[in-house]
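Here is what each chain is made of, one letter per residue.
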Amino acid sequence: KTIKRTEQINFMEPIFREVSKRAETIDSAVPKDVRLFINEDKAPNALATGRKTICITEGLLKMPESQIKAVLGHEFGHLAHKDTDFLLVISVGNLIVNVLIMGIHLLLDLFNIIFSGIALIIGGKRGVIAAVFSAIYHALLSIFVAGLMWIWTKIGTLLVMKSNRDNEYEADEFAFNLGYGNELCEMLDSIEESKERGLFAALTSSHPNKNDRIVKLQQLGATYQSAYEKKCGDD
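A. Representation of the overall build of the protein chain in the model. Broken down by element type, the protein chain carries 6 helices and 3 strands. The order of helices and strands in the protein chain, counted from the N terminus, is α-β-β-β-α-α-α-α-α. Going through the 235 residues of the protein chain one by one, you find that 34% of them count as buried. Long-range pairs, those at least 24 residues apart, make up 66% of the contacts in the protein chain between residues at least 6 apart in sequence. For the protein chain, the exposed surface amounts to about 15,100 Å²; the carbon and sulfur share of it is 63%.

The following block contains the structure:
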């Protein structure tokens, strides 16, 4: 939704303007007229969508101003790198492949109906046997086609998620180059990640592990380090 509350506009406009100007200064690929929207999610987050749109959550408004700038810088990175265009291409390509597979499936159904009908009409008992074998053959082909679609979906998901994770690192670097590296580390460290574990959960995640992202930012030059308090009596 468009941001309408006066206090939210007054709070976010100067922040958004500052980050937008910085982004446009370091990368000419950043659109000049990016628009800011909001949704009612209470978790602090943001996303870039389309070519000129950033959406923040209400939860992000409760974060420190410096961390909000870091998150916006990250999203401007997605727009500068045209990551949303890539996702659109992937979505359209996936739709085309699925339509082709469904078309093949429909042709197989049509062929089976015609062949079975002809076999029953002119084949007598042999025709019945032929129709039965045709039905079995068709069932096996249907299973094969369904299997292809399942494999395509799984492989496509893995490839898209891998690309998304790479894009996250690049957008993090963009935010670092804007001067928000430490703030982004702080923001990432405050996030509670999904409890899902295991290889497949990691492969199908759209975002890298937050610790991996912080390590990358530290390697770029971020000086952020989480402070761990030592309890009394510990060696």
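B. The arrangement of the nonpolar core in detail. Residues Met12, Leu36, Ile54, Ile56, Leu60, Leu72 and Phe76 are the most contacted members of the largest nonpolar core, which totals 36 residues. Residue assignment for this core shows that the elements contributing at least two residues are α1 (6-26), β1 (35-39), β2 (46-49), β3 (53-57), α2 (65-80), α4 (124-189) and α6 (210-220). Examining the composition of this core, we find that 8 residues originate from one element, α4, more than from any other. Those residues in contact with Ile56 that sit more than four places away from it in its chain are Ile3, Met12, Leu36, Phe37, Ile38, Asn39, Asn45, Ala46, Leu61 and Leu72.

C. Main features of the sheet that holds β2. Strand order across the open sheet formed by 3 strands is β1-β3-β2, with mixed pairing between neighbours. Either end of the sheet is taken by a strand with one partner, and the two such strands are β1 and β2. Neighbour-to-neighbour, the strand axes of this sheet turn through a mean angle of 25°, independent of strand direction. Strand direction decides the pairing type here: β1 and β3, joined by 5 bridges, are parallel. Bridging from a neighbouring strand, Arg35 pairs with Thr53 of β3. With respect to the sheet, α1 is in contact with β1 and β3, its orientation differing from that of β1 by roughly 135°.

D. Region of interest: the pattern of salt bridges. If you walk through the whole model with that rule in mind, you get 10 salt bridges. Residues Asp33 and Lys52 are paired through a salt bridge, measuring 3.3 Å at the closest nitrogen-oxygen approach. On the criterion of sequence distance, the pair formed by Asp33 in the loop between α1 and β1 and Lys52 in the loop between β2 and β3 is long-range, its members being 19 residues apart. Taking relative accessible area as the criterion, Asp33 reaches 44% and is therefore assigned partly exposed. With a shortest N-O distance of 3.7 Å, Glu168 and Arg213 are connected by a salt bridge. Here Arg213 lies in helix α6 and Glu168 lies in helix α4, a separation of 45 residues in the sequence.

E. Spatial organisation of the side chain of Gln8. Relative to the elements of secondary structure, Gln8 occurs in helix α1. Accessibility expressed as a relative area gives 11% for Gln8, which makes it buried. Apart from the residues within four sequence positions on either side, Gln8 is in contact with Ile3, Ile38, Glu58 and Leu61.

F. Expanded view of the packing of aromatic side chains. Inspection of the entire model under this criterion finds 1 aromatic pair. Ring centres of Phe16 and Phe76 lie 5.6 Å apart, and the angle between their planes is 35°; this geometry places the pair in the tilted category. A residue pair is termed long-range when its members are at least 10 positions apart, and Phe16 in helix α1 and Phe76 in helix α2 qualify at 60 residues. The class for Phe76 is buried, based on a relative accessible area of 0%.

G. How the structure looks around a nonpolar patch on the surface. Taken together, the side chains of Val128, Ile129, Val132, Phe133, Ile136, Leu140 and Ile143 present a nonpolar region at the surface, about 700 Å² in accessible area. By the secondary structure assignment, Ile143 is in helix α4.

H. How the structure looks around the environment of Val132. Inspection of the secondary structure puts Val132 in helix α4. Exposure remark for Val132: the relative accessible area of 46% places this residue in the partly exposed category. Along the chain, Val132 and Ala119 lie 13 residues apart, while their C-alpha atoms are 9.8 Å from each other.

I. Structural detail: α6. For α6, the set of buried residues is Lys210, Arg213, Ile214 and Leu217. When α6 is viewed along its axis, its buried side chains cluster within an angular range of 100° and face the same direction. Of the residues that open α6, the one with a side-chain oxygen 2.7 Å from the backbone nitrogen of Asn211 is Asn209. Within two residues after α6, Gly221 carries a phi angle of roughly 135°, on the positive side.

Conventions and cut-offs
- Residues numbered from 1 in each chain as written.
- Predicted model: local features only at pLDDT ≥ 70, side-chain atom pairs only at ≥ 80, totals over all residues.
- Heavy atoms only, no water.
- Helix = DSSP H or I, 4+ residues; strand = E, 2+ residues; numbered from the N terminus.
- Buried < 20%, exposed > 50% of the residue type's maximum accessible area, 1.4 Å probe, protein only.
- Contact = heavy atoms within 4.5 Å.
- Areas by Shrake-Rupley, 256 points an atom, 1.4 Å probe, with all protein chains shown as cover.
- Core = buried A, V, L, I, M, F, W, Y, C linked by side-chain atoms within 4.5 Å.
- Pairing = 2+ DSSP bridges.
- Axes fitted to C-alpha atoms, helices over the stretch in contact; angles between N-to-C directions.
- Salt bridge = Lys/Arg side-chain N within 4 Å of Asp/Glu carboxyl O.
- Phe/Tyr/Trp six-rings, centres within 6.5 Å; stacked < 30°, edge-to-face > 60°.
- Patch = residues over 30% accessible without salt bridge, like charges linked within 9 Å, V, L, I, M, F, W, Y side chains within 5 Å.
- Arc of directions from axis to C-beta.
- Polar contact = N/O pair within 3.5 Å; in protein donor to acceptor, adjacent residues only side chain to side chain.

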